[in-house]
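Observations on chain architecture
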Amino acid sequence: MSEQQPDVQPQVSAAAEEERKVVVFAVRIDPVLREQIEGLRGITGHSVNDVGVEALNDWVAKTLTDEAVQQKAMAELDAEEKRLQERRAAIAGILGQNATPAVVSSDESETHAASSGRRTKPRSES
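The model shown is predicted, which means the values in this text are computed figures rather than measured ones. (Residues numbered from 1 in each chain as written. Predicted model: local features only at pLDDT ≥ 70, side-chain atom pairs only at ≥ 80, totals over all residues. Heavy atoms only, no water.)

**Some remarks on helix α4 (residues 67-95)**
Formally: Segments assigned H or I by DSSP are reported as helices when at least four residues long, segments assigned E as strands when at least two residues long, and all are numbered from the N terminus. Helix span is expected to be 1.5 Å times the residue number reduced by one.
Between its terminal C-alpha atoms α4 stretches 42 Å, which fits the 42 Å expected from 29 residues at 1.5 Å a residue. G96 sits one or two residues past α4 and shows a positive phi near 75°.

The following block contains the structure:
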């Protein structure tokens, strides 16, 4: 059984399509599954690439809606943020400075500025 050339048409906007390049993503499958795919794609007219892209898109969509996966992703983001804060503090310590949070609200930045001896411009109240 011969394999057709991939007929890849990503579903993205024209501008993004120009920026993205198609990559090869090969998977190893059982020969029985391969025979089933070949038989079905012959009936449906889909290429092996079409079948693979559809299956992977379905898997990604299903996985993104999994609450456990979402919680794990958020936990990983929190851990990464903690590592970055620790790194910021270490580098600031090496430089002899106080580490400042990466993102602070305007109230927090005023408090930080006051505690660090800097003067801040008073906010006009409307």
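On we go.
**Some remarks on the pattern of salt bridges**
Side-chain pairing between opposite charges can occur once the charged atoms of the two side chains come close. Stated formally: We define a salt bridge as a contact between a side-chain nitrogen of Lys or Arg and a carboxyl oxygen of Asp or Glu at a distance within 4 Å. Throughout, exposure labels follow a simple rule: accessible area from a 1.4 Å probe, protein chains only, divided by the maximum for the residue type, with under 20% read as buried, over 50% as exposed, and the rest as partly exposed.
Counting across every chain of the model gives 3 salt bridges. In this structure, E38 engages R34 in a salt bridge whose closest nitrogen and oxygen atoms are separated by 2.9 Å. A residue pair is termed a helical-turn pair when its members lie 3 or 4 positions apart in one helix, as E38 and R34 do in helix α2 (residues 31-44) at 4 residues. The exposure class of R34 is partly exposed, given its relative accessible area of 27%. Residue E38 pairs with R41 through a salt bridge whose shortest N-O separation is 2.9 Å. Of this pair, E38 and R41 both sit in helix α2, separated by 3 residues, roughly a single helical turn. For the pair formed by E38 and R41, the shared burial category is buried. Overlapping salt bridges, with partners in common, bring together R34, E38 and R41 in one network.

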